[in-house]
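An overview of the molecular structure
Given next are the chains, with one letter for each unit.
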Amino acid sequence: MGVLYTAVQHAHSGLRWVVLILLIAAIGRALSRRKGGTVYPGKDKLALFGLISVHIQLLLGLALYLWLSPYVRFEGDIMGDPQLRFYTVEHFAGMIIAIILITIGYSRAKRQAELNKGWKTIALFYSIGLLIILLSIPWPWREGLMGGWF
Ligand code: HEM
């Protein structure tokens, strides 16, 4: 289990950068086109890859959450320990909400055939999702979480 844990943990940690870059790129493109008189193509590649990247994080995260991570517990004083509380409750809830918002934004935009509308939907839902992700990452400067850079 040790090797598997280390591998999944590093994949999950490193992939954050891919997620952040893809979401920022997708939002940037959507913002620049939101008044450009174009119909959202339904499968904008940046929005699609951004969506896929957060879904991969969901799968890796679930493996850590349900089986591998020692920082997730379902009994004992979870709320009294900042690190246990962060991973068991805060990181989990924040990331799930963000992933749901990004998924709703992607699928809603796909069905919007009016001029500019889908781009605005991507810009809005992906931006709120990105903000929640940024707030839910255990950045190294957040005390007591012992998060790394990758
Ligand atoms: C976009 C979504 C996500 C991002 C960007 C993200 C990012 C991260 C990062 C940066 C870490 C710290 C890794 C380290 O410093 O070693 C981490 C840890 C963790 N994440 Fe996520 N995460 C996401 C979604 C999720 C989800 C949905 C779950 C649960 C279902 C989850 C469960 C965990 C767990 C349990 C840990 C602790 C791993 C350990 O034992 O060190 N993550 N995550």
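Residues numbered from 1 in each chain as written. Predicted model: local features only at pLDDT ≥ 70, side-chain atom pairs only at ≥ 80, totals over all residues. Heavy atoms only, no water.

Regarding the UniProt feature "transmembrane region" (unreviewed entry) in the protein chain
Here is the rule: UniProt positions are given in the numbering used here, feature names are shortened, and annotations may be inferred rather than shown by experiment. Put simply, DSSP marks the helices as runs of H or I at least four residues long and the strands as runs of E at least two long, and each gets a number from the N terminus on.
Residues annotated by UniProt as "transmembrane region" (unreviewed entry) correspond here to residues 14-31, 46-68, 88-109 and 121-141. Summarising residues 46-68: 100% helix, 0% strand, and an end-to-end C-alpha distance of 31 Å. Secondary structure content for residues 121-141 is 76% helix and 0% strand, while the C-alpha to C-alpha distance between its ends is 32 Å.

Here's the deal with the site of the ligand
Here is the rule: Residues are counted as near a molecule or strand when any one of their heavy atoms sits within 4 Å of it. As used in this structure description, the phrase polar contact means that two N or O atoms lie within 3.5 Å; if the pair is within protein, one of them must be able to donate a hydrogen and the other to accept it, and residues adjacent in sequence are counted only when both atoms belong to side chains.
Taken together, 23 residues lie around the ligand, and Tyr5, Gln9, His12, Ser69 and His91 are the ones closest in. Serine 69 places a polar side-chain atom, nitrogen or oxygen, 2.5 Å from an oxygen atom of the ligand. Within the backbone of glycine 148, an N or O atom sits 2.9 Å from an oxygen atom of the ligand. Secondary structure elements with two or more residues in the shell around the ligand: α1 (2-33), α2 (45-68) and α3 (82-110).

A look at the coordination of the iron atom of the ligand
Heads up, the rule is: A 2.8 Å cut-off from the metal defines N, O and S donors, relaxed to 3.2 Å for Na, K and Ca; water is not in the atom list, so some sites may appear incomplete. Under this scheme a four-donor centre is tetrahedral when all angles range from 85 to 135 degrees, a four-donor centre is square planar and a six-donor centre octahedral when opposite donors are above 155 degrees with the rest from 65 to 115, and any other centre is irregular. Exposure classes here rest on a 1.4 Å probe applied to the protein chains alone. A residue is buried below 20% of its type maximum, exposed above 50%, and partly exposed in between.
Donor atoms from the polypeptide that bind the iron atom of the ligand are His12 (NE2) and His91 (NE2), placed at 2.0 Å. Taken together, the 6 donor atoms coordinating the iron atom of the ligand span angles of 84 to 179° at the metal, a pattern that classifies the geometry as octahedral. Residue histidine 12 is found in helix α1, and its partner histidine 91 is found in helix α3; the two are separated by 79 residues along the sequence. Of the two residues, histidine 12 and histidine 91, neither departs from the other in class, the shared state being buried.

Details of the packing of aromatic side chains
Where we set the bar: To pair, rings of Phe, Tyr and Trp, with the six-membered ring standing in for Trp, must have centres within 6.5 Å; the planes then decide the type, stacked if under 30 degrees apart, edge-to-face if over 60, and tilted in the middle.
This structure, assessed with the given rule, holds 9 aromatic pairs. Ring plane angle 85° and centroid distance 5.0 Å describe the contact between phenylalanine 86 and tyrosine 87, whose orientation is recorded as edge-to-face. Ring geometry for tryptophan 139 against tryptophan 149: centres 6.4 Å apart, planes inclined by 55°, an arrangement best described as tilted. Residue tryptophan 139 is located in the segment after α4 (117-136), and its partner tryptophan 149 is located in the segment after α4; the two are separated by 10 residues in the primary sequence. Relative accessible area serves as the criterion here: at 8%, tryptophan 139 is assigned to the buried category. Tryptophan 149 sits in the partly exposed class, given a relative accessible area of 46%. Connected via pairs of aromatic rings, a cluster forms that spans Trp17, Trp139, Trp141 and Trp149.

Remarks on α4
Let me state the cut-off plainly: Working rule for helices: expected span equals 1.5 Å times residues minus one. Any two residues whose heavy atoms approach within 4.5 Å are treated as being in contact.
Over its 20 residues, α4 extends 29 Å from the first C-alpha to the last, a length consistent with the 28 Å expected when each residue adds 1.5 Å. Against α1, α2 and α3 lie the buried residues of α4.

Focus: the nonpolar core
Our working rule: As used in this record, nonpolar core signifies buried Ala, Val, Leu, Ile, Met, Phe, Trp, Tyr and Cys residues forming a set joined through side-chain atoms within 4.5 Å.
The biggest cluster of nonpolar side chains holds 25 residues, and the ones touching the most others in it are Leu23, Tyr106, Ile122, Tyr126 and Ile133. The contact partners of tyrosine 126, leaving out residues within four places of it in the chain, are Leu23, Ala26, Ile27, Ala47, Leu51, Ile102 and Tyr106.

With respect to unusual backbone geometry
At asparagine 116, a position not held by glycine, the phi torsion is positive, near 70°. In this fold, asparagine 116 is placed in the loop between α3 and α4. Classification of asparagine 116 by relative accessible area gives buried; the value is 14%. In the Ramachandran plot, methionine 146 falls in the positive-phi region, its phi being about 55° despite a non-glycine side chain. In this fold, methionine 146 is placed in the segment after α4. Relative accessible area serves as the criterion here: at 67%, methionine 146 is assigned to the exposed category.

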